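Single-letter residue listing:
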Amino acid sequence: MSDIKLRVALLGAGRIGQEHCRTLIADPRIQVVAVCDPRLEAARQTAATLPGATATDESREILSSSEVDAIIICTPTDSHAQLIEEGARAHKAVFCEKPVALDLQRTKQALKVVEESGVPFQIGFQRRFDSGYAEARKRIARGLLGRIDQFRAVGRDPGPPSKEYLAKSGGLFLDQAIHEFDLARFLVGEVQSVFAVGVVRFSDDAADLGDVDTATTILHFENGALGVIENSRRAVYGYDIVTEVFGEAGKLVVQAERKTPLRFFREGGSEQDHHHFFMDRFRDAFRAELEAFFTAVLERTMPSPGAADALGALRIGLAATQSQKLGRMVKLAEID
Ligand SMILES: NC(=O)c1ccc[n+]([C@@H]2O[C@H](COP(=O)([O-])OP(=O)(O)OC[C@H]3O[C@@H](n4cnc5c(N)ncnc54)[C@H](O)[C@@H]3O)[C@@H](O)[C@H]2O)c1
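An account of the accompanying structure is given in this report.

## Some remarks on the layout of surface pockets
Computed from the structure, the largest pocket encloses a volume of approximately 1,200 Å³. Taken together, 45 residues line the largest pocket, and the ones lying closest to its centre are Arg15, Ile16, Thr75, Pro76 and Tyr165. Top element by residues in the lining of the largest pocket is helix H7 (residues 163–169). It accounts for four residues. Class assignment for the residues of the lining of the largest pocket results in 15 nonpolar, 15 polar and 15 charged. Approximately 230 Å³ is the volume found for the second largest pocket. Considering the residues around the second largest pocket, the lining is formed by Leu6, Asp69, His91, Lys92, Ala93, Val119, Pro120, Val297, Leu298, Arg300, Thr301 and Met302. Here the lining of the second largest pocket is built from residues that sort into seven nonpolar, two polar and three charged.

## Notes on the site of the ligand
Neighbouring the ligand are 22 residues, the closest being Arg15, Ile16, Asp37, Arg39 and Thr77. Contact between the ligand and Ile16: an oxygen atom at 2.8 Å from a main-chain N or O atom of the residue. One of the side-chain N or O atoms of Asp37 is found 2.6 Å from an oxygen atom in the ligand. In isolation the ligand exposes 850 Å². Once the protein is present, 83% of that is buried. Of all the cavities here, the one that holds the ligand is the largest pocket. Among the residues forming the shell around the ligand, the class breakdown is nine nonpolar, eight polar and five charged.

## A closer look at the sheet that holds strand E3 (residues 54–56)
Strands pair in a sheet through their backbones, by hydrogen bonds, and they do so in one of two ways: parallel or antiparallel. Ordered by their spatial adjacency, six strands build an open sheet running E3-E2-E1-E4-E5-E6, and the pairing between neighbours is parallel. A single partner strand is all that each edge strand has here, and the edge strands are E3 and strand E6 (121–124). Shown here is a sheet whose adjacent strand axes are inclined to one another by a mean of 20 degrees, direction ignored. Two elements, strand E5 (residues 93–97) and E6, share four bridges in a ladder whose sense is parallel. Bridge pairing in E6 links Cys96 to Ile123. Contacts from helix H1 (residues 15–26) reach strand E1 (6–11), strand E2 (30–36) and E5, with the element oriented near 160 degrees to E1.

## Thoughts on the pairing of strand E11 (residues 240–247)
Where burial is concerned, most of E11 is hidden: seven out of the eight residues are buried. Judged from the eight bridges that link them, strand E7 (residues 148–156) and E11 form a sheet pairing that is antiparallel. Across the sheet, the residue bridging to Val154 is Val242, located in E11. Across six bridges, E11 lies against strand E12 (residues 250–255) in antiparallel orientation. Residue pairing for E12: Val242 is matched across the bridge by Gln255.

## Some points on the nonpolar core
Where a protein is soluble and globular, its nonpolar side chains tend to be buried together. Core analysis: the largest hydrophobic core is formed by 69 residues, its most contacted members being Leu24, Val35, Ile72, Phe151, Phe173, Leu187 and Phe294. With six residues, helix H12 (residues 283–298) is the largest single contributor of residues to this core. Ignoring anything within four residues of it in the chain, the contact list for Val35 reads Leu10, Ala13, Ala43, Thr46, Ala47, Leu50, Ala53, Thr54, Ala55 and Thr56. Core analysis: the second largest hydrophobic core is formed by 29 residues, Ala9, Ala81, Leu83 and Ala101 among them.

## A look at a nonpolar patch on the surface
A cluster of nonpolar side chains, Phe195, Val197, Ile218 and Met329, forms an exposed patch at the surface whose accessible area comes to about 330 Å². Mapped onto the secondary structure, Phe195 falls in strand E8 (residues 191–199).

## Considerations on the sheet that holds strand E10 (residues 226–232)
Here seven strands make up an open sheet; going across it, the order is E12-E11-E7-E10-E9-E8-E15 and the pairing mixed. Pairing within the sheet leaves two strands with one partner each, and these edge strands are E12 and strand E15 (330–331). Both E7 and E10 contribute to a ladder of seven bridges, which runs parallel. Its bridge partner lying in E10, Val154 is registered against Glu230.

Conventions adopted
- Residues numbered from 1 in each chain as written.
- Predicted model: local features only at pLDDT ≥ 70, side-chain atom pairs only at ≥ 80, totals over all residues.
- Heavy atoms only, no water.
- 1 Å grid on protein atoms, 1.4 Å probe; cavity = no way out; pocket = protein on both sides within 12 Å on 5 of 7 lines; lining within 4 Å.
- Points joined across faces, edges and corners; volume = space filled by probe spheres on them.
- Helix = DSSP H or I, 4+ residues; strand = E, 2+ residues; numbered from the N terminus.
- Nonpolar A, V, L, I, M, F, W, Y, C, P; charged D, E, K, R; others polar.
- Near = heavy atom within 4 Å.
- Polar contact = N/O pair within 3.5 Å; in protein donor to acceptor, adjacent residues only side chain to side chain.
- Areas by Shrake-Rupley, 256 points an atom, 1.4 Å probe, with all protein chains shown as cover.
- Sits in = over half its atoms within 2 Å of the grid points.
- Pairing = 2+ DSSP bridges.
- Axes fitted to C-alpha atoms, helices over the stretch in contact; angles between N-to-C directions.
- Contact = heavy atoms within 4.5 Å.
- Buried < 20%, exposed > 50% of the residue type's maximum accessible area, 1.4 Å probe, protein only.
- Core = buried A, V, L, I, M, F, W, Y, C linked by side-chain atoms within 4.5 Å.
- Patch = residues over 30% accessible without salt bridge, like charges linked within 9 Å, V, L, I, M, F, W, Y side chains within 5 Å.
- Salt bridge = Lys/Arg side-chain N within 4 Å of Asp/Glu carboxyl O.

Right, dumping it as structure tokens:
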């Protein structure tokens, strides 16, 4: 007898869609019935790895199909809001990669359709499912840090994405730093105001597009704590993600020192490897977030992180973008 309980369609067979495929293949509760991508060859190649899945370049077919219970949206950001709305109206459970949209009103509009339709909705903030971040949150919730005074995060990518990707990304604060903003909310709480500075240090593409490649953001939390976040689009040694929460009873540091638990000591020094990018640093977290989504859908509970988290991180990203442009502190209350 088959264990399959949920019929899923994957929208977008690009970088992140491929990553999620690993989970879709491995989870025995899931049957992927369709893979959709306007690049039909990519859809075909991905579908070929998922027994029983068909390939299509037409998302409407999927959304109107009674054979689909849930959709996994891994398409470019500018298509998310519409696909979320169409999926919710067709009563599909929706998992969507971050962000819902780059614009606050468009995001609210899509999330309103989700709310009205009552479908399960989860946003792709996978770091919450990393064992380090999940454990940090549990310890904070148990009060082990006492009152939290400071939050510190570093987020550096190995290199900038293509100019084409950058042009549609919404800029460093909404595309890259948004993960640190979500962690700030996840570990410390709601943010009251933001002051961000950003510069171009190396990327001609970022300069051409009016974006920045290096930034520092100061957060003031509603609970009185302060935070500082450093982002860069370049780190020659690989993906550099470090987060620290400091409180009256100690501090928690989330940092994956190396990919392989091995250091080679030799004449002249020692060496170790390093996570190259988000795919290897957060591979387990990507799996855990989708498994949690499927569990919530099957158990008819609301998945998390959901609409409020999608909106919360976006508002900080918009405030940071505005602060960097205006050269002043921006209150979250101004972002409405
Ligand atoms: N959570 C994370 O850490 C993380 C990491 C990378 C990307 N992302 C997000 O994932 C999304 C996709 O990023 P990517 O790097 O995989 O991009 P990508 O360009 O590699 O892949 C996107 C794919 O979607 C396809 N596509 C375009 N319109 C479509 C439609 N209407 N229906 C179906 N498929 C469509 C494209 O042809 C492409 O194959 C972005 O919104 C990005 O912000 C999240």
